[in-house]
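# Analysis of the macromolecular model
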Amino acid sequence: MPSVTIDYQICKGAKECGECYNNCPMEVFTIEGDKVVVANEEECTGCGVCEDVCPTGAVKVKFE
Ligand code: SF4
Ligand code: SF4
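Below: a short report on this structure.

Conventions used here
- Throughout, a residue's number is its position along its own chain's written sequence, starting from 1.
- Numbering of ligands from 1 and lettering of chains from A proceed in the order in which they are written.
- Local features are withheld for residues below a pLDDT of 70 in this predicted model, meaning they are given only at 70 or higher, and side-chain atom pairs are given and counted only at 80 or more; totals for whole chains, interfaces and linings count all residues.
- To get the side-chain values, take all heavy atoms of the structure and skip hydrogens and water.
- Proximity criterion: a residue is near a molecule or strand once any of its heavy atoms comes within 4 Å of it.
- Charged means Asp, Glu, Lys or Arg here, nonpolar means Ala, Val, Leu, Ile, Met, Phe, Trp, Tyr, Cys or Pro, and polar covers whatever is left, Gly included.
- Each reported salt bridge corresponds to a side-chain nitrogen of Lys or Arg within 4 Å of a carboxyl oxygen of Asp or Glu.
- For every residue, the accessible area (1.4 Å probe, protein chains only) is compared with the maximum for its type, and the residue is labelled buried under 20%, exposed over 50%, or partly exposed between those bounds.

What follows covers the site of ligand 1. Taken together, 13 residues sit near ligand 1, with C24, C44, C47, G48 and C50 positioned nearest. Across the shell around ligand 1, the residue classes break down as ten nonpolar, three polar and no charged.

Here's what the structure looks like:
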């Protein structure tokens, strides 16, 4: 199962960006305030869309 992490040092936040949340086909992410959080990691298929749309490289999908 892939693991999904967000580096909050470089993430632009849900209000300014939110592209990972908006584009993930599996609804892995949710929004808490201005923060995008990984909520349903077990649903991740490893498609890589979140990495493709992230403007800062903050979200990473790794295969164990
Ligand atoms: S790799 Fe695909 S399924 Fe997994 S969190 Fe990113 S966009 Fe969603
Ligand atoms: S796409 Fe990247 S910068 Fe934008 S909210 Fe997601 S992790 Fe943060």
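As a further point, take the pattern of salt bridges. Following the criterion strictly, the structure yields one salt bridge and no others. We note a salt bridge from E16 to K12, for which the minimum N-O separation is 3.2 Å. Given the relative accessible area of 35%, K12 is considered partly exposed.

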